Number of protein chains: 2
Amino acid sequence: MKKSVVLLSGGMDSATCLAIAHNESDDVATLHLNYGHRTEEKELDSFKKLSDFYNVEKRLIVDVTYLALIGGSSLTDKNIEVAKADLESTEIPSSYVPFRNANILAIATSWAEVLGFNQLYVGAVAEDSAGYPDCRPEFYEAFEKVISYGTKPETNIKIITPLIKMNKTDIVEKGLALNVPFAMTWSCYMSNNKSCGVCDSCVRRLRGFELAGSKDLIVYA
Amino acid sequence: MKKSVVLLSGGMDSATCLAIAHNESDDVATLHLNYGHRTEEKELDSFKKLSDFYNVEKRLIVDVTYLALIGGSSLTDKNIEVAKADLESTEIPSSYVPFRNANILAIATSWAEVLGFNQLYVGAVAEDSAGYPDCRPEFYEAFEKVISYGTKPETNIKIITPLIKMNKTDIVEKGLALNVPFAMTWSCYMSNNKSCGVCDSCVRRLRGFELAGSKDLIVYA
């Protein structure tokens, strides 16, 4: 039996990841993290809509606003400006939340161990790895070892990253092929009614749709 | 410069670990986790007294009560009974909080990265490893690799576990040699005015003092 905890932020990557997990698993549970993100309200709404869409019963929303307390990121610290997109830069973006994915994976593993689930689906993308060190395949491989050492002997949890080698265009294409309701997702780093269209995340999303020859149905400012 | 984040639960192991870090570091910060523990009030009080005692300025208290939400442990789930001590057992004790230490280390790493600190002091003890899979040396080694992959290139954080090979008696002896104020610490898994003296944690503590030929100055029921 394949039983999967899916990390579901509410963005297009995690939505596509949920669709893949839904196809490949006997049972699916969705986990959403509220980490004091500027855009939490938008993302939580997307989480609920997507979980409903895929008939997910087991849902967990975890408050990790301590990441805002720790600070160090434009996503959680209102004193740090959200940078305009610079896709060529190899610097760590200001939106980097220090070691965020490890925090998220630790929570997901704890929950999976209690549920008796054996897979974590994470919509991480390696092409983002120049920017976010905790999105790299090596990071996930290392974390899987931590899980095997740090859980009960009978617990056997694998991390599955189906999008890891995809670019945004691949993700759009994969999602469209699986009928992912992309209109339910939220990507923008700002939290206005409409997506800004100019932040890193919006620019990547728009370029993905454009290169896939498709139209993004969400509304931009 | 050695700058250390010390995980300080408020128990005697973490208090001894703080004393060691204080001796070995140029700067020390203390991190306390409130994870919905029955004994949080007692432990938080110990955390504050110990941080004061060692003149620690940088302190962080993080609410991780989501671990109670996830459940699976007698420490955080009031429906699971706190087991009487059985020091010969090799079963995972009911007090095991699934993958707790990974959650704690992830938080500590995030904070250390923001502070620009380069060491995490953890008062883990390997002799507990039959019970708690996330206290084993292999677990900590694996986690250090996760840190190196999952943080910024300039971030270099080592995990130091000075108590890892000690038993309770060694810890009592080390602590007494360093003048650790053990009377400020809290070990009991229950949360009454006096320590119960019969839970796993009390029995290990009492045996440690006894074998060290010393007297535990806290009051037992």
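If you're wondering where the values come from, they're calculated on a predicted model, not measured in any experiment.

Re the packing of helix α6 (residues 168–177) of chain A against helix α7 (residues 200–211) of chain A
Residues and elements named next belong to chain A. Closest axis-to-axis distance for the α6/α7 pair is 8 Å, and the angle between their directions is 65°. As for how α6 packs across α7, the hand of that crossing is right-handed. On the side of α6, the interface is formed by Lys-168, Thr-169 and Val-172, while α7 contributes Arg-204, Arg-205, Arg-207, Gly-208, Phe-209 and Leu-211. Looking at the contact of α6 with α7, its residues break down into three nonpolar, two polar and four charged.

A look at the relation of the copies chain A and chain B
Least-squares fitting of chain A to chain B yields an RMSD of 0.0 Å, with the superposition described by an axial translation of 0.0 Å and a rotation of 180°. Such values leave the two copies arranged in the relation of a two-fold axis. Measuring from the rotation axis to each C-alpha of chain A, the shortest distance belongs to Asn-103 of chain A, at 3.0 Å. An overlap of 100% is found between the interface residues of chain A and their copies at the interface of chain B, pointing to a shared contact surface.

Some words on the packing of helix α1 (residues 12–24) of chain B against helix α6 (residues 168–177) of chain B
Residue and element names in this part refer to chain B. Where α1 meets α6, the axes come as close as 10 Å, and the angle between the chain directions of the two elements is 45°. On the basis of their axis angle, the class for α1 and α6 is oblique. Handedness of the crossing formed by α1 with α6: left-handed. Across the interface between the two elements, Met-12, Asp-13, Thr-16 and Ile-20 of α1 pack against Lys-168, Ile-171, Val-172, Lys-174 and Gly-175 of α6. For the contact of α1 with α6, the per-class residue count stands at four nonpolar, two polar and three charged.

Examining the side chain of Thr-155 of chain A
Residue and element names in this part refer to chain A. Looking at where Thr-155 falls in the secondary structure, it is placed in the loop between α5 (137–150) and β5 (158–160). You can call Thr-155 buried: its relative accessible area is 16%. A distance of 2.8 Å separates polar atoms of two side chains, one belonging to Thr-155 and the other to Glu-113.

Details of the interface of chain A and chain B
One widely used convention gives an interface's size as the accessible area the parts lose upon coming together. The partner chain B presents 40 residues to the 40 residues of chain A that form the contact. Where chain A abuts chain B, roughly 3000 Å² becomes buried across the two surfaces, and 77% of that area is made up of carbon and sulfur atoms. Among the residues chain A hides against chain B, the three largest losses belong to Ile-70, Phe-99 and Tyr-149 of chain A. Together they make up 23% of the total. At the junction of chain A with chain B, the criterion picks out zero salt bridges.

Focus: the sheet that holds strand β1 (residues 3–7) of chain B
Residue and element names in this part refer to chain B. Strand order in the open sheet formed by five strands is β3-β2-β1-β4-β5, and the pairing between neighbours is parallel. Each edge of the sheet is formed by a strand with only one pairing partner; in this case those strands are β3 (58–63) and β5 (158–160). Recorded for the sheet is a direction-independent mean angle of 25° between the axes of neighbouring strands. As paired strands, strand β2 (residues 27–34) and β3 are joined by six bridges and run parallel to one another. Across the sheet, Leu-31 pairs through a bridge with Leu-60, a residue of β3.

Regarding the sheet that holds strand β4 (residues 119–121) of chain A
Residue and element names in this part refer to chain A. The strand order β3-β2-β1-β4-β5 describes an open sheet built from five strands, whose pairing is parallel. Looking at the sheet topology across the chains shown, the edges are occupied by β3 (58–63) and β5. Strand-to-strand twist in this sheet, taken as the mean axis angle between neighbours without regard to direction, amounts to 25°. Running over the sheet, α5 touches β4 and β5 and is turned about 155° from β5.

The rules behind the values
Residues numbered from 1 in each chain as written. Chains lettered and ligands numbered in written order. Predicted model: local features only at pLDDT ≥ 70, side-chain atom pairs only at ≥ 80, totals over all residues. Heavy atoms only, no water. Axes fitted to C-alpha atoms, helices over the stretch in contact; angles between N-to-C directions. Helix = DSSP H or I, 4+ residues; strand = E, 2+ residues; numbered from the N terminus. Left-handed = near helix turned anticlockwise from the far one by under 90°. Contact = heavy atoms within 4.5 Å. Nonpolar A, V, L, I, M, F, W, Y, C, P; charged D, E, K, R; others polar. Least-squares fit on C-alpha atoms with pLDDT ≥ 70 in both. Parallel < 35°, antiparallel > 145°, perpendicular 65-115°, else oblique. Buried < 20%, exposed > 50% of the residue type's maximum accessible area, 1.4 Å probe, protein only. Polar contact = N/O pair within 3.5 Å; in protein donor to acceptor, adjacent residues only side chain to side chain. Buried area = accessible area lost by both parts, 1.4 Å probe. Salt bridge = Lys/Arg side-chain N within 4 Å of Asp/Glu carboxyl O. Pairing = 2+ DSSP bridges.

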